[in-house]
Amino acid sequence: MIDKAMIGYEMEPSVLPIERSRLRFFAKAVGETNPVYTDEAAARAAGYPDLPAPPTFLFAAELDSGAMDRLLDKLQIPLSKLLHGEQSFTYHRPACVGDTVTVRSRIEDIYDKKNGALEFVIKTARVTNQHDELVAEMRSVLVCRH
Amino acid sequence: MSAPTFDSVQLGDELPPLQLPTVDRTMLALFGGASGDHNAVHIDIDFARRAGMPDVFAQGMLGMAWLGRLLTQWAPQSSLRRFDVRFQGITHLGHRMVCSGKVVEKLHHEGVPCVRIEIQATNQYGQIKTAGEALVALS
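The structure contained in this document is the topic of the report that follows. (Residues numbered from 1 in each chain as written. Chains lettered and ligands numbered in written order. Predicted model: local features only at pLDDT ≥ 70, side-chain atom pairs only at ≥ 80, totals over all residues.)

1. Some thoughts on the interface of chain A and chain B
Across the boundary between the two partners, chain A contributes 29 residues, which contact 34 residues of chain B. Of all elements in the fold, only helix H1 (20-29), helix H3 (61-64) and strand S2 (82-91) of chain A reach the threshold of two or more residues within the side of chain A that touches chain B. Take the side of chain A that touches chain B: its biggest share by element is eight residues, from S2 of chain A. Partitioning the side of chain A that touches chain B into residue classes produces 15 nonpolar, ten polar and four charged. Pairing analysis gives five bridges linking S2 of chain A to strand S2 (residues 80-87) of chain B, with the strands arranged antiparallel. (Contact = placed C-beta atoms within 7 Å. Helix = DSSP H or I, 4+ residues; strand = E, 2+ residues; numbered from the N terminus. Nonpolar A, V, L, I, M, F, W, Y, C, P; charged D, E, K, R; others polar. Pairing = 2+ DSSP bridges.)

This is the structure we're talking about:
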């Protein structure tokens, strides 16, 4: 069983610089065809200072930093048993190339269903930029299947 | 196509659907690298089999990224307020996903005219793999 004492645990901040080549790689990987995500001129014409990070890109911060792996270690959830149950984003302002975002996450809840066959971890995050402005909030439901 | 406006959008309106190419290993490897999700269960068949799966399978966030494309090809990303999904089933190799969305509510959120859109990603067998909703501000 996942230790419920981890409820309230605050993960170390993850810092993610929004980089042009990474956004182009992400665009290729998801088959993006909208030039706003790959062409600076199109992005500027759409009102952004530079290429915007697409809606789900901020999820990369805690993967890149290793914070997610360390959390799973702490919770003793092996990757082979991990499922992503739900994901939510609330957006406050764009993050574009040249911005650096910081993600700070907290474990909100841990519970189980089906007599412990499924365990759930609720994680919430605040994403801020280099001006300490709120960019987005994220909520993840992680599932450990036994 | 011109951007949708609050007055022009009607309940039941469908977003232009997004048909994705057949899920293959290259797609999963590229998304693993680009998204930062290096979980080997999505890229290494040996690891996937040791984890009890018949083969590698798609990252949940790949399905969500496709739904993000569905939304941002309809309205600019700067108008996206909320984006929530549930991962309901595993997307396997060979699946041909279609992302679709429908306007289900017109409302004011924090004083701003918005529409609530139900969204889903469905494979060629009609199985819904990712479902959720988005809140989009329209002027």
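2. A look at the sheet that holds S2 of chain B
Spatially, the ten strands line up as an open sheet ordered S1(A)-S3(A)-S4(A)-S5(A)-S2(A)-S2(B)-S5(B)-S4(B)-S3(B)-S1(B), and their pairing is antiparallel. Each edge of the sheet is formed by a strand with only one pairing partner; in this case those strands are strand S1 (14-17) of chain A together with strand S1 (18-19) of chain B. By the bridge criterion, eleven bridges tie strand S3 (residues 98-109) of chain B to strand S4 (residues 112-122) of chain B in an arrangement that is antiparallel. Pairing of Val103 of chain B across the sheet is with Ile117 of chain B, part of S4 of chain B.

3. Here's the deal with the pairing of strand S5 (residues 128-137) of chain B
All names here are of chain B. Of the strand pairs in this sheet, S2 and S5 are connected by seven bridges, and their pairing is antiparallel. Following the sheet pairing, Phe83 is matched in S5 by Ala134. Alignment of S4 against S5, held across nine bridges, turns out to be antiparallel. For Ala121, the partnering residue across the bridge sits in S5 and is Thr130. What sits between S4 and S5 in their antiparallel hairpin is a turn of five residues, with Gly126 showing a positive phi close to 85°.

4. Concerning the packing of H1 of chain A against helix H1 (residues 25-35) of chain B
At their nearest, the axes of H1 of chain A and H1 of chain B sit 9 Å apart, and the two run at 150° to each other. In terms of orientation, H1 of chain A and H1 of chain B fall into the roughly antiparallel class. The element H1 of chain A and its partner H1 of chain B pack so that their crossing is left-handed. Contacts between H1 of chain A and H1 of chain B involve Phe25, Phe26, Lys28 and Ala29 of chain A from the first element and Leu30, Phe31, Gly33, Ala34 and Ser35 of chain B from the second. Among the residues making up the contact of H1 of chain A with H1 of chain B, the classes are represented as six nonpolar, two polar and one charged. (Axes fitted to C-alpha atoms, helices over the stretch in contact; angles between N-to-C directions. Parallel < 35°, antiparallel > 145°, perpendicular 65-115°, else oblique. Left-handed = near helix turned anticlockwise from the far one by under 90°.)

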